[in-house]
Structures are given as C-alpha cells and as structure tokens.
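# Summary of the model geometry
So the chains spell out like this:
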Amino acid sequence: MYQKLKGTYDVLPHESDFFRWIGNEIDHVARLYGYKEIQFPIIEYANLFQRGVGESSDIVVKKEMYVFEDRGNRLVALRPEGTAGAVRLYIENTLHMYGYTQRLFYAGPMFRAENPQAGRYRQFTQFGFELIGDASPEADVELILINHELVKRLGITDVTLYINSIGCRECRPAYQQKLTAYLGEHKQELCEDCQTRLSLNPLRVLDCKKTSCQAVVRQAPLQYQHLCEPCSTHFETVKNSLSSLEVTFLIDPYLVRGLDYYNRTVFEFKSASLGAQSTFSAGGRYDYLVRDLGGMDTPASGFAMGMERLAMVVEASTGKKRTQYYHPPFVYVAGVGENLSLAVWQALRLLREEGFSATTEFRYTQLKKHLKAADRLGAPYALLLGEDEIQKGKWTLRNLQTGEQFQEIPAEIVAFLRAKK
Ligand code: ATP
Ligand code: MG
C-alpha cells in the first residue's frame, strides 16, 4: 500500500469545509484591506531563495530547502516561503509601473525539509500579505491590523502579539559587533547551531530556544537599545499607532525572525494553545529585499501565516472541531423504484439550477437504502420520487430531522426549500 511522504498530510472530505471557511475569511480580509491576489510558481530557480531568504536563515543553514537539478541541469527548488517569489514577480513584471505601492496577497503550499512535529510539516500552506513601496511605520501597523482582524473573525482568543525592531544597515553593524564580542566570550556555552550562527548572523542566537543559549542571551546587549534615530522614531510610531488603535502588544527584545531579509519592525502572533510551535503568523519589514533581488530601492513590509497552525488555534480557541464545519448537501434525491433515472436527473437539475446543493446515489432503488445514504451525508432534506410522484407530477419532500413529509408540485417545493436555506 502506498503511503504519503513523511511530513505531508491529507485533507479529508469532512474537514475540507473547515479549511475552506478559513481561506474565505482570509480572502475577505484581503479584499477589505485592498490587497490583490498574486500567483507565482511553486518551483523557481534555487538561487532566488538562496539570495531571497539569505545565507544565514534557518532555511539555508539547516538545509530545509528541497533543491534538485531538473532535466535541463537547472538548479531549482520548491518554494520554502512566499516573499522571495512575490518580490521576484514584482520586479520581473515591473509592477511599480502600475502604481508605486502594491498591496499583494498570496496563498498556497510551501515546502521545507524539516523534522515533522505537531504544527510542523514538510508541505504546509501559507497565506501571505506584502505591502511593497511604503516605508512608513503605518504600513507595518496595517499588516499587524490585518492579523488582528483575522484573529477576531476566526474567533481566536488566546493570542499575544510580540513586536521588536532589529534596526537597519546603518545601526545594525555597530550593535552586531557588540553582540558578537559578547557572544564570542560565551561561545563554549552556546549550542552547535548557534556557534555556526555566530559567524553567519549572530542576531539569530537571540531567538534560540535552547536553555543554555537563553542563559547567555539574557545578559546580551539588545538591538532596541542601539537603534539609530530614524529606526528609533519608526519603532516609536509603530508602538504609538498600535496603542491608539487599541491593539495590545508586548515588546520581545529577543525576537529576530528566521529569515535574513528583515529590518526594523518584526512581529509574531503566538498562541499558548500551540505548545512548542506557538507562532502561527509572523512578519516584518524588508526594505532591502527588492534591491537585493535586482529591483530598484523599494521599501516593503509583509507577513505570512501558516494555515495548519492557524487551524489548530481556531479549534483550541473555539472548542469547535474541524468536522463541525462540514456542510452536507442540502437535498438528497431518492429514486424509489426501477427506471427512474430521467426523473432523478430532472429533479437534480432543477434543484441545482435553483442553487441548492443536491445529490443522489444512482445505485439504490429502495427507500431504506436511500434514507441511510442521506443520513450518512447529513442532508437535511430528501426528495422522494416514485411511481406515485411521477404520475401526479409532484414531489415528496421529507424533513430528515423530524420525519415530516408532504407532496407538492416542484415549484412549490423549490419555494419551500428557498425559505429554509
Ligand atoms: P518556525 O520558527 O516555527 O520554524 P519560521 O520562522 O520558520 O517558523 P516563517 O518562515 O516566518 O516561520 O513562516 C511563517 C509561518 O509559517 C509560521 O509562523 C508558521 O505558521 C508557518 N510555518 C513555517 N514553517 C512551517 C512548517 N514547517 N509547517 C507548518 N507551518 C509552518
Ligand atoms: Mg522554521
């Protein structure tokens, strides 16, 4: 028997409405905020990501990327995240010509060869929002507000927003020097990963989850105490705007994010109900990425949310299981007797033309079997078609919850169902 690859998962028919609902809410919020959907390939040249997410990111350092040579000897990769592809699309299609500010939104599968755990997969789904062409702190605030809106619409309660500023290319080097010197003195106390990070990107040591590293980090100099004037003003404005909009947040001076392209504002939404993988949405400003990938100097900010973790938080917060979002077909059509396929087809067509979800089991001719099938599907109504109905030109509609039924001409039944929908 074939089995799915480790770290992948199947969405079953009774769960898919749950994911569809979350997706619809996200689409709706994207529209409310004026973000336009973009679609870009799942597969790209590997160097786009290498360059995009950065040499010291987890994705590159921990070799999380699925990279291979295609048949034309091109080094390609399955996308590990969306921002690099979105920025490649922005540059290649000269989107700035359509308007300097671009509000973009994407959704789709991402791939990372990591150790699967609860909320950590090798294929997972991300929703991402990118605001390209706006350097203002208000752009960062807008992206945080989008998260806030989604959290509210999905009924999530136990959420904490953490923010930080990781400075810019002006103020970071001096701070980094200080940090490197400090961490260098404690090198032996750091984990193996962090010893590598020390030379590649010492900032990443700050968010190491290992206890030994955290003990060192607690005494380390912090970026937010070493911001240059513009970075400091930017961060203050973000905080003030959030406060005046009544968005509660905590400052986490150790928050640095796992991708290299960030600068200034970074943020994460966490939920206690997720355990170890507590972050379900994360993002920040990436003012250098467009330039680094070959475009013009263009400020940008964005975030990505993981669908699977979001789904776990929704279930935990609402106490409602994913299967409870299942929408059954509205009407089950039961052909009771032989040679009724034409009548069944006609009824199905009429119901569907009216916009009702309608189905049948072609293989059954007995009422009992049909009712069992309708019950399995969870349909609230069954339309019974037998000799009697054909002769009278009427349908029998049965309420499957109460067992009540009545006979009427199709137009009346349709009117009745319309009122019930
Ligand atoms: P983590 O610290 O959990 O590894 P990350 O910093 O690698 O996350 P990002 O690349 O910023 O995460 O991705 C943003 C979001 O995408 C995460 O908050 C999470 O919801 C989701 N995500 C990232 N990696 C995975 C994965 N392997 N499986 C499921 N969801 C993921
Ligand atoms: Mg990761």
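Above this note sits the structure.
Structural notes, computed from the coordinates. (Residues numbered from 1 in each chain as written. Chains lettered and ligands numbered in written order. Predicted model: local features only at pLDDT ≥ 70, side-chain atom pairs only at ≥ 80, totals over all residues. Heavy atoms only, no water.)

What follows concerns the sheet that holds strand 16 (residues 405–408). Pairing is mixed in the open sheet, where five strands are placed in the order 13-12-14-15-16. Here the strands that pair on one side only, and so sit at the sheet edges, are strand 13 (358–360) and strand 16. Neighbour to neighbour, the strand axes of the sheet diverge by 25° on average, direction disregarded. Alignment of strand 15 (residues 395–399) against strand 16, held across four bridges, turns out to be antiparallel. Looking at strand 16, one finds that leucine 397 is bridged to phenylalanine 406. The sheet contacts of helix 12 (residues 341–353) involve strand 12 (331–335), strand 13, strand 14 (381–385) and strand 15, and relative to strand 13 the element is tilted by about 160°. Sheet contacts for helix 15 (residues 410–420): strand 12, strand 14, strand 15 and strand 16; angle to strand 15, the most-contacted strand, approximately 25°. (Pairing = 2+ DSSP bridges. Helix = DSSP H or I, 4+ residues; strand = E, 2+ residues; numbered from the N terminus. Axes fitted to C-alpha atoms, helices over the stretch in contact; angles between N-to-C directions. Contact = heavy atoms within 4.5 Å.)

Right, let's get into helix 6 (residues 172–185). The end-to-end C-alpha distance of helix 6 is 20 Å, a good match for the 20 Å that 14 residues give at a rise of 1.5 Å each. Inspection of helix 6 places Arg172, Tyr175, Leu179, Tyr182 and Leu183 among the buried residues, and these make up the whole buried set. In a view along the axis of helix 6, the buried residues occupy a sector of 100°, so they form one face of it. Residues Ala174, Gln177 and Glu185 are exposed on helix 6 and point more than 90 degrees away from its buried face. Its buried side turned inward, helix 6 meets helix 7 (192–200), helix 8 (211–217) and strand 9 (263–271). (Expected span 1.5 Å × (residues − 1). Buried < 20%, exposed > 50% of the residue type's maximum accessible area, 1.4 Å probe, protein only. Arc of directions from axis to C-beta.)

Positive phi outside glycine occurs at glutamate 246, with the angle close to 60°. Even without glycine at this site, asparagine 339 takes up a positive phi of about 55°. Structurally, the position occupied by asparagine 339 is in the loop between strand 12 and helix 12. Residue asparagine 339 is classed as exposed on the basis of its relative accessible area, which comes to 78%.

With five of its five residues buried, strand 12 lies for the most part within the structure. Residue alternation in strand 12 divides its side chains into two sets, Val331, Val333 and Gly335 and Tyr332 and Ala334, and both sets are buried. Pairing of strand 12 with strand 13 involves three bridges; the strand directions are parallel. Opposite tyrosine 332, over in strand 13, you have threonine 359 as the bridge partner. In the classification by handedness, the crossover that spans strand 12, the intervening helix 12 and the parallel strand 13 is right-handed. In terms of strand pairing, strand 12 meets strand 14 through five bridges, oriented parallel. What sits directly across from tyrosine 332, in strand 14, is alanine 382. (Right-handed = clockwise from strand over helix to strand, strands pointing away.)

Our focus in this paragraph is helix 13 (residues 367–377). Two residues of an α-helix separated by three or four positions point the same way, owing to the 3.6 residues in each turn. Within helix 13, the full set of buried residues consists of His370, Ala373 and Ala374. The buried residues of helix 13 occupy an angular sector of 100° when the element is viewed end-on, so they sit on one face. Opposite the packed face of helix 13, turned more than 90 degrees from it, sit the exposed residues Lys368, Lys372, Asp375 and Arg376. The first or second residue beyond helix 13 is glycine 378, which carries a positive phi of 85°.

Near ligand 1, the surroundings consist of 14 residues, among which Arg112, Glu114, Arg120, Tyr121 and Arg257 are the closest. Tyrosine 121 is positioned with one of its backbone polar atoms (N or O) 2.8 Å from a nitrogen atom of ligand 1. Between an oxygen atom of ligand 1 and a main-chain N or O atom of glycine 306, the distance comes to 3.2 Å. Contact with the protein chains hides 89% of the accessible area of ligand 1, taken as 590 Å² for the molecule alone. The site holding ligand 1 turns out to be the largest pocket. Looking at which element gives the most residues to the shell around ligand 1, the answer is strand 10 (residues 279–285), with three residues. (Near = heavy atom within 4 Å. Polar contact = N/O pair within 3.5 Å; in protein donor to acceptor, adjacent residues only side chain to side chain. Areas by Shrake-Rupley, 256 points an atom, 1.4 Å probe, with all protein chains shown as cover. 1 Å grid on protein atoms, 1.4 Å probe; cavity = no way out; pocket = protein on both sides within 12 Å on 5 of 7 lines; lining within 4 Å. Sits in = over half its atoms within 2 Å of the grid points.)

Membership of the largest hydrophobic core comes to 52 residues, with the highest contact counts inside it found for Ile132, Leu183, Leu190 and Leu206. Those residues in contact with leucine 190 that sit more than four places away from it in its chain are Leu183, Gln195, Leu198, Val205, Cys213 and Val216. In this structure, Ile22, Val29, Cys168 and Leu227 belong to the second largest nonpolar core, which totals 43 residues. (Core = buried A, V, L, I, M, F, W, Y, C linked by side-chain atoms within 4.5 Å.)

On to empty space enclosed by the protein. According to the stated counting rule, one finds one cavity of 30 Å³ or more in the structure shown. Roughly 60 Å³ of internal volume is contained in the largest cavity. Lining the largest cavity, in full, are Ile166, Arg172, Asn201, Leu203, Arg204, Val256, Arg257, Leu259, Asp260 and Tyr262. Class assignment of the residues belonging to the lining of the largest cavity gives a composition of five nonpolar, one polar and four charged. (Points joined across faces, edges and corners; volume = space filled by probe spheres on them. Nonpolar A, V, L, I, M, F, W, Y, C, P; charged D, E, K, R; others polar.)

With that out of the way, let us pick up the layout of surface pockets. Where empty space is left can be seen by rolling a probe of water-molecule size over the atoms. Of the voids in this model, the largest pocket is the one considered here, and its volume is about 1300 Å³. Residue lining of the largest pocket: 50 residues in total, with Arg120, Lys209, Arg257, Glu268 and Arg309 positioned closest to the centre. Mapped onto the lining of the largest pocket, the elements with two or more residues apiece are helix 3 (58–61), strand 6 (123–132), helix 7, helix 8, strand 9, strand 10, strand 11 (300–306) and helix 11 (307–318). Residue composition of the lining of the largest pocket, grouped by class: 19 nonpolar, 11 polar and 20 charged. Reported here for the second largest pocket is a volume of approximately 410 Å³. Along its surface, the second largest pocket is lined by 21 residues, and Arg169, Arg172, Asp260, Tyr261 and Asp292 are the ones closest to its centre.

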